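Structural features, examined
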Amino acid sequence: MTEDRKLGFVISGALTKGIDVRLDGDISVEDLAVGRYVTIEGQKRRFFGMVTDVTLDASDQRMMSAPPDVSDPFIADVINGTSTFGRVHVLPMLTIGDDAVSLVEGPQPVKTVPSHFSVVREASEKDIGSVFGSVAEGQFYIGTPLDMEIKVRLDPHKLVERSAGVFGKTGTGKTFLARLLLIGILQERAAVNLVFDMHNDYGWSPMTEGKLEVKGLKQLFGSKVAIFALDAESARRRKVSPDYEVKIGYDEIEPDDIALLKETLGLTDLAVGVPYKLARYFKGRKWLEGFLAVEGIEALNELANSIGENEATVAAFHRRLSVLKRMPFLVSEAKSSAIDSILGYLERGIHVVLDFGRYGDNIAAYILVANLLTRRIHSTYRERTERAVAEGSAKPLPLVITIEEAHKFLSHELAGQTIFGTIAREMRKYNVTLLVIDQRPSGIDEEVMSQLGTKITCLLDNERDVENVLMGVSGKGELKSVLAKLDSKQQALIFGYAVPMPMVVKTRDYGTAQSYKELGFREALGRKKDSDKDLKDLFAE
Amino acid sequence: MGSKIGEVIKSSTESFMAECYELHIPPSFGSLVRTREGNIDIYAVVSGASTASIEAGRRPIARGRGDVNEEDIYLSNPQLEKLMRTEFTAMVVGHGDSGKFSQYMPPRPARIHSFVYACEPDEIAMFNQSLAYLSVLVDVPERSNELIAATLRNAAVSYSEPREFLVRAGKELALMIAGDTNRLNIILKKVKA
């Protein structure tokens, strides 16, 4: 493909609705896909936009009812591009100036439209570089634009400044994408990651849907990543050697934590009030252990009476909570605090992947643990940040917490209660942001959704999911058509804080030897060579 | 320079009529001819030709009952050549001044008795670099479709890649009559034939 190919010219448009471009005769509509980038040469400035729709048109509407004899190649040649022509709809996003000031300030949001008959061209590599930032050697890039071989950058530093979301229906590559983002953050040291790894997708040898084994973060980055296992047995079975086995004391669970499990455990509204009363009754932190230790209906009734609660409610609550007994990582008192160790690792800049093992399928366990750990970690971060601000010392390393099945934490009912709702809303005040991964974004609270800085979405086809993801974005209608037409694999629409304009990318490969190499992974042999070289340098041999 | 084929006998800004020097040999329908007014070359497309008696009231009569060949009639009646004449009309489509072509009406019509020349292929190709003149032919009230098709067919012969020229011209035409696909279709079929 030649660079800067002329595609056509502007025939109509509106800033809010986008611009219609009539294609030149030699440009086939079939060569233009939604999501492609184009530049428009206005009289005073250049515009940068994205193709959001492709239409066939004819100068004479009668042609539809009495079509010309196109079986004759001569007639077909003449008609093509004159009487019949292609039209594309372009959403202008940015203006690029060529003068010195614009070069310094970079692309600006578009505030007007190009004049009639402005020439539209395919965006060149240089334009794309100036819009998305060129990718220097060794810098992280997310993928390539559609049908182009240019690397586009997603700046991990910007990504972690606000919470971000990765969406897409099952099997569209959310996990691959999230893994890439984590790697980007890791590679460029933009933040430390804490990943609540529900399905063992991130730490060690995750399996793809096609049952292929790919490399996990630990394998790629070695000592920079620590695996915490909730289920050490399962980890060992999978030949993962966890850096730490997580045990959580009953005393660490607070009534608030139980309130979050309302939906998962099927608790009634009344039952949700019970733990607070229990906490008063058992005088503090031992309430859960004390309550679970109560056995027999009479003892329960007695307890109900003494806390002034309905007997049946307490009995039902007891029954429901007994699932906690089947979670071996919950112990009466943890020998060492998982939270402290996680914080210790994070402080040293080591990324933590919490491997749920078998409990990944147990949504109650996932919510309980993720919420509990995050709450403590967040409050520690908060303290540290506040202290740092007061003392003028260095703030703690930014922290990105990755959660899957986010709608279970951030639903409309729960967003106000969980720590994740707070983090999403507080944004980066305390240097903690979320990376939310979900296949059902319509289940996520609108307020939280609107606070997500960067959204990365693979194919979504549920109308409500699409609505919720695109809420509040300008050019929503146009982006909708782009989103609906994404390939079901390896394509994503990225928009929001970290990118200057919405972009459609073919995400880079993950899983091949070449991709690992590009991601900075070196086989043992390579590492040995390097260390030998370091030794040589050190001793000047 | 092109061969001299006739002389202007009636002239107006948009067209002229010329009498051919050779009876029965008018330039082809749709071919490009040139005449001159002062310094200006006037280009026109032949839009029709006719042969008739010199005197309007006297019509020719059939003479060949006994002859085997048509040519024999003329051989045995040499006066016939003098009693009849061939005329053609041409639509003015542009003019040229020292090698520069303008595809719009010349400031003045050709003078009576100006010589008319058939254009050479090179000149035709040069003139056809722009096809804006087709708009004049589009507006001709009679036989316009035929005329356009014939003009393009004639011009195409001057090109080494006639099809390329025809597609270019067709596209130009498609834009000129964008609202009338049916007509475009008819013309294109005639162009190709």
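Our structure is the block above this text.
Rules of the game
- Residues numbered from 1 in each chain as written.
- Chains lettered and ligands numbered in written order.
- Predicted model: local features only at pLDDT ≥ 70, side-chain atom pairs only at ≥ 80, totals over all residues.
- Heavy atoms only, no water.
- Helix = DSSP H or I, 4+ residues; strand = E, 2+ residues; numbered from the N terminus.
- Buried < 20%, exposed > 50% of the residue type's maximum accessible area, 1.4 Å probe, protein only.
- Contact = heavy atoms within 4.5 Å.
- Areas by Shrake-Rupley, 256 points an atom, 1.4 Å probe, with all protein chains shown as cover.
- Lys, Arg positive; Asp, Glu negative; His and termini not counted.
- Charge placed at Lys NZ, Arg CZ, Asp CG, Glu CD.
- Polar contact = N/O pair within 3.5 Å; in protein donor to acceptor, adjacent residues only side chain to side chain.
- Core = buried A, V, L, I, M, F, W, Y, C linked by side-chain atoms within 4.5 Å.
- Phe/Tyr/Trp six-rings, centres within 6.5 Å; stacked < 30°, edge-to-face > 60°.
- Lys NZ or Arg CZ within 6 Å of the ring centre and 35° of its normal.
- Buried area = accessible area lost by both parts, 1.4 Å probe.
- Salt bridge = Lys/Arg side-chain N within 4 Å of Asp/Glu carboxyl O.

Of the regular secondary structure elements, chain A holds 22 helices and 20 strands. Principal-axis analysis of the C-alpha atoms gives chain A an extent of 95 × 75 × 50 Å. The proportion of buried residues among the 541 residues of chain A is 54%. Contacts in chain A between residues at least 24 apart in sequence constitute 71% of all its contacts with a sequence separation of at least 6. As displayed, chain A offers around 24200 Å² of accessible surface, 50% of which is attributable to carbon and sulfur atoms. A gap of 3 Å separates the mean positions of the 69 positive and 77 negative side-chain charges of chain A.

Its place among the elements puts Arg36 of chain A in the loop between strand 2 (18–23) and strand 3 (37–41). A polar atom in the side chain of Arg36 of chain A sits 3.0 Å from the side chain of Glu122 of chain A.

Here is a general trend for soluble globular proteins: nonpolar side chains tend to be buried in one another's company. Within the largest apolar cluster, 151 residues are counted, with the highest numbers of intra-cluster contacts made by Phe48, Ile142, Phe196, Ile377, Ile401, Ile403 and Phe420 of chain A. Considering each element in turn, this core owes the most residues, 12 residues, to helix 16 (residues 363–391) of chain A. Residue contacts for Phe420 of chain A: discarding those within four places in its chain leaves Phe196, Ala370, Asn371, Thr374, Ile401, Ile403, Phe409, Leu410 and Leu434 of chain A. Formed by 37 residues, the second largest nonpolar core is a distinct cluster that contains Val140, Leu152, Val167 and Leu184 of chain B.

To continue, consider the packing of aromatic side chains. For the structure shown, the criterion picks out 13 aromatic pairs over all chains. Look at Tyr37 of chain A and Phe48 of chain A: their rings are 5.6 Å apart centre to centre, the planes differ by 25°, and that puts the pair in the stacked class. Pair noted here: Tyr37 of chain A is in strand 3 and Phe48 of chain A is in strand 4 (residues 46–58), with a separation of 11 residues, a long-range link. Their ring planes at 85° and their centres at 5.3 Å tell us that Phe228 of chain A and Tyr345 of chain A sit as a pair that is edge-to-face. Note that Phe228 of chain A is positioned in strand 11 (residues 225–229) and Tyr345 of chain A in helix 15 (residues 338–347), a separation of 117 residues in sequence. Looking at Phe228 of chain A, the relative accessible area reads 0%, which means it is buried. On the accessibility criterion, Tyr345 of chain A (17% relative accessible area) is buried. Following the ring pairs from residue to residue traces out a cluster consisting of Tyr43, Phe101, Phe127 and Tyr133 of chain B. Sitting above the plane of the Tyr345 of chain A ring, Arg348 of chain A keeps its charged end 4.8 Å from the centroid.

What follows covers the interface of chain A and chain B. Counting residues at the interface gives 18 residues for chain A, matched by 17 residues for chain B. Summing both sides of the interface, chain A and chain B together bury roughly 1400 Å²; the carbon and sulfur share of this comes to 61%. Its largest share of buried area at the contact with chain B, chain A owes to Phe74, Val78 and Thr82 of chain A, together 39% of the area lost on that side. Inspection of the chain A/chain B interface yields 1 salt bridge.

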